[in-house]
Structures are given as C-alpha cells and as structure tokens.
Amino acid sequence: MNRTMAFVARKIFPYETPSTWFPGHMHKTLKKLQSLSSEVDILIEVRDARIPLTSRNFAVESILKKRNRIIVYNKCDLAIPCETSLSTFRDEMVHLQQSFQSMQDWFQRSQGDIFKTVPSLTYVSSVPFYAKKLLKRIRNMAINGITKNQRVHVYFIGMPNTGKSSILNSLRHISLRRSKAAITGNYPGVTKNFSEVVRLLEHAEVFMLDTPGIMTPSIAAPEDMLKLSLVGCVKEGLIDPVTLVDYLLFRINLVSPSIYAKWSPPTNDVDEFLGNVAHKIGKLSKGGGYNDNTVSTYIIQQYRSGKLGKFMLDSMDKSSMSLRLQHELTKSQKKS
Ligand SMILES: Nc1nc2c(ncn2[C@@H]2O[C@H](COP(=O)(O)OP(=O)(O)OP(=O)(O)O)[C@@H](O)[C@H]2O)c(=O)[nH]1
Ligand SMILES: [Mg+2]
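Residues numbered from 1 in each chain as written. Chains lettered and ligands numbered in written order. Predicted model: local features only at pLDDT ≥ 70, side-chain atom pairs only at ≥ 80, totals over all residues. Heavy atoms only, no water.

You'll find the chain entered in an unreviewed UniProt entry as Mitochondrial GTPase 1, with Schizosaccharomyces cryophilus given as the organism. Taken directly from UniProt, the Subcellular location (unreviewed entry) text for the chain runs: "Mitochondrion inner membrane". The annotation that UniProt attaches to the chain under Function (unreviewed entry) is "Mitochondrial GTPase involved in assembly of the large ribosomal subunit. Plays a role in expression of the mitochondrial translational machinery." (UniProt positions renumbered as here; feature names shortened; annotations may be inferred.)

Q: What is the right way to look at the side chain of serine 55 in this model?
A: Tracing the sequence through the fold places serine 55 in the loop between β1 (42–48) and α3 (58–63). Accessibility expressed as a relative area gives 1% for serine 55, which makes it buried. In this structure the side chain of serine 55 is engaged in a polar contact, spanning 2.7 Å, whose partner is the backbone oxygen of isoleucine 51. Ignoring anything within four residues of it in the chain, the contact list for serine 55 reads Val46, Arg47, Asp48 and Met159. (Helix = DSSP H or I, 4+ residues; strand = E, 2+ residues; numbered from the N terminus. Buried < 20%, exposed > 50% of the residue type's maximum accessible area, 1.4 Å probe, protein only. Polar contact = N/O pair within 3.5 Å; in protein donor to acceptor, adjacent residues only side chain to side chain. Contact = heavy atoms within 4.5 Å.)

Q: I tried to follow the UniProt feature "binding site: GTP" (unreviewed entry) in the chain on my own but got confused; where do I start?
A: UniProt feature "binding site: GTP" (unreviewed entry): in the numbering of this structure it lies at Asn74, Lys75, Cys76, Asp77, Asn161, Thr162, Gly163, Lys164, Ser165, Ser166 and Gly213. Here, the largest pocket is lined by Asn74, Lys75, Asp77, Asn161, Thr162, Gly163, Lys164, Ser165, Ser166 and Gly213 out of the annotated residues. Tracing the backbone through its elements, the reader meets lysine 164 in helix α6 (residues 164–176). In this structure glycine 213 comes out as buried when scored by relative accessible area, which is 7%. Not counting residues within four places of it along the chain, the set of residues in contact with glycine 213 comprises His25, Met26, Gly158, Met159, Pro160, Lys164 and Thr191. (1 Å grid on protein atoms, 1.4 Å probe; cavity = no way out; pocket = protein on both sides within 12 Å on 5 of 7 lines; lining within 4 Å.)

Q: Looking at this structure, I do not really get the coordination of the magnesium ion (ligand 2). What am I missing?
A: Each donor-metal-donor angle in an ideal tetrahedron of four donors is 109.5 degrees, and each such angle in an ideal octahedron of six donors is either 90 or 180 degrees. Those protein atoms acting as donors to the magnesium ion (ligand 2) are Ser165 (OG) and Thr191 (OG1), and they sit at 2.0 to 2.1 Å. Placement of serine 165 in helix α6 and of threonine 191 in the loop between α6 and β5 (198–199) is noted, with a sequence separation of 26 residues between them. (Donors = N, O, S within 2.8 Å, 3.2 Å for Na, K, Ca; no water.)

Q: Before we go on, may I ask you to explain the layout of surface pockets in this structure?
A: Over the atoms rolls a probe the size of a water molecule, and in doing so it shows where empty space is left. Its boundaries defined by the atoms lining it, the largest pocket holds a volume of some 610 Å³. The wall of the largest pocket is formed by 33 residues, among which Lys75, Asn161, Gly163, Gly185 and Asn186 lie closest to the centre. Looking at the lining of the largest pocket, the elements that each hand over two or more residues are α6 and α10 (292–304). Considering every element that reaches the lining of the largest pocket, the biggest residue donor is α6, with 3 residues. Per-class residue counts for the lining of the largest pocket are 9 nonpolar, 18 polar and 6 charged. (Points joined across faces, edges and corners; volume = space filled by probe spheres on them. Nonpolar A, V, L, I, M, F, W, Y, C, P; charged D, E, K, R; others polar.)

Q: Would you mind going over the site of ligand 1 with me for this structure?
A: The environment of ligand 1 is made up of 22 residues, and the closest members are Ser125, Asn161, Lys164, Ser166 and Gly189. At 3.2 Å, a backbone N or O of threonine 162 approaches an oxygen atom of ligand 1. Here glycine 213 contributes a backbone N or O atom positioned 3.2 Å from an oxygen atom of ligand 1. Considered on its own, ligand 1 offers 660 Å² of accessible surface; in the complex 86% of this is hidden by protein. Counting atoms within 2 Å of the grid points, the majority share of ligand 1 lands in the largest pocket. Of all the elements, α6 adds the most residues to the shell around ligand 1, at 3 residues. Residues belonging to the shell around ligand 1 are distributed by class as follows: 6 nonpolar, 13 polar and 3 charged. (Near = heavy atom within 4 Å. Areas by Shrake-Rupley, 256 points an atom, 1.4 Å probe, with all protein chains shown as cover. Sits in = over half its atoms within 2 Å of the grid points.)

Q: Looking at this model, I keep getting lost on the sheet that holds strand β4 (residues 152–158). Mind explaining?
A: Whether parallel or antiparallel, the strands of a sheet pair through hydrogen bonds between backbone atoms. Pairing within the open sheet is mixed, and its 6 strands lie in the order β3-β2-β1-β4-β6-β5. Only two strands of the sheet have a single neighbouring strand rather than two, namely β3 (120–122) and β5. As judged from the 5 bridges shared by β1 and β4, these two strands associate in the parallel manner. Pairing of isoleucine 42 across the sheet is with valine 154, part of β4. (Pairing = 2+ DSSP bridges.)

Pasting the structure below:
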C-alpha cells in the first residue's frame, strides 16, 4: 500500500482557546452601533466565504437584529474549489444560510426572540457582476417601501479585513462610476472610524456608511482564533505561525492532502511538513536546517492568496453548525 492510501488524517486538533482580539476602537464601534441602531435602515453584513460560520459576528447580530439585512459572503474567489462552479457554490451557500438560519430560529425562539429571514449573496469585490447584483438588492430594499425613511442609510459591518470597504467602493463604482471613497488594505483594522455618508444612488437619497471591522468580544468556539488568523481577520503575531500551519495542515488533511502534493507527501506532522516545504522552495541551509517561522509565513501567504488551493476552513455539516450555535448560545448566556 502506498503512503497516500495508508494516510489517516487527524480528527481533532487540541487547542487552548486564546482570548479574542478586541482593541479599543472595536469596543467604541460596538457601542456606537448600539446607539445608532435606529438610524441603520439596511445592514450589509460582510463575512469571509472561507469561514462563513466563524466570520459571522454574533455580537453585532444581537444588537442589530431588527434591521433589514443582507449577508455578503465575500472573497469567494479564495473559497471556491477549482472543480466547483460558481453557481454550485452559490447554491451551497444559500443552503448553508437556510439551514443555519432555521437552527438559529429554533435557538432564538427558545430565548423568546425570532430572527427575520435574511437574504444572502456570494461576492468577489473586484468583479462587477456581483456589485450589480448587490446594488439591485439594495435598491429594491431601499426604494420598494421596506424602508419608509426619505433618506436611507446603508451600513457595512463585519469582522476586520472581510472586505467591507472594498465592497462599498465596488458599489459606488458600479452605481455612480465614481472613484474609491473608502481606504482599503490587506491587514485587519484599516478602517478605524465610521465614515462620512457616501452617496450610492444618483436619483434617490440612499447613502452608505463604512464602519471599522469588529471581532466578537469573546470567542465562541475553541478553533475560531486559528481560523480568523489564517484568513487575516486578526492582528498578525497573536498566534505563532508554526501553530497556524499545523492547524492549516490539519484542515487540509480533512479536505485532501493532495492539495499540498507539490510540496510533501501526506503527513500529520507539522515538522515533517515544514521540512519538506523548505526543501521544495529552496529554504534548506547547507546543514539541512531551516527557519520554521520563515517557512510557515511563506505557507500562510500562499494560503491567503489562494495559491494553495481554494477550500473552506469551517466544517459545514449539520452537526458542526449545530455545535457552533450551541457554543454561541453558551457565550451569550454567560454574558447575560
Ligand atoms: N481575493 C479577494 N480579496 C479581496 C476581496 N475583497 C477585498 N479583498 C482584499 O481584502 C483586503 C481587505 O479589504 P478591505 O476592504 O480593506 O477590508 P475591510 O473589511 O474594510 O477591513 P477593515 O477596515 O480592516 O475592517 C484588501 O487587500 C482587499 O483588496 C475579494 O473579493 N477577493
Ligand atoms: Mg475597511
């Protein structure tokens, strides 16, 4: 039997939950959102399609749950496996959203509160097709009477680095052909303050507001910080790169070790993996050693840019989703 056939992936990744990353500006943002909640007519909640469950901000959801909402799963270009077509992926995400929502409804009902059905969209901020679709949804919500206000405010919220500012810019470009209104950047925490209002439609008083990305004040599930660090939602350096690569290896092995076949045969051992990668990319010293931080950082960069295959870090089966909701519920009950 060859090594690939004999390989058995790890089923668990024991990990001590580090605390969340919740700097002062996020605390301020959460408070401000709370106080402004009556001015939010439409909420665009941006999530990262690679972690559709983990990048859901349950802290914000609980303060803005009565608002008209559209969930946008951004960065689909980094989450769709090559063999999956966009429409299949879209269907999967709609299905995920529906099953998650029905479970959520059940949980919320047991707390005496019911969520509205929330429409969701997959997105790639650089592709006009998606901006046109989202624009149409917002226009319908804003103009077709869901919102009665004369002036409509569309707020963009979500975890850091999920692409809120990029989406705002893409909508403005499609609608008004105007240049960027919001600064974007490839690290979390680019937007630090609420933006000024930015016009969205030419002939209607519909305006957008960008907000700083916010994490949840506490972490729901033990592996959350690992996933959020891998996709770049939290500050660099909170978790050491070797641990991140070990976790990435664990997740990839659950999908298929063939994803890293260009570097290494299947393995559950992060040191063996790093050594094989170091060898393949020419980072081995004459004595056969390597700097594990340098090699790990390289692997993480490859993953973030989509060069190490496209796959999700969240498990999307019903029992994983249910477990996640239970974690969230436990957290919110502990708080109250
Ligand atoms: N691959 C890919 N990258 C994207 C997409 N949308 C945004 N990005 C990139 O993701 C990074 C973060 O984008 P931003 O728009 O600044 O994210 P943000 O949510 O506003 O971030 P904060 O202000 O820090 O909360 C930037 O480097 C963008 O170019 C997308 O659909 N696909
Ligand atoms: Mg931003």
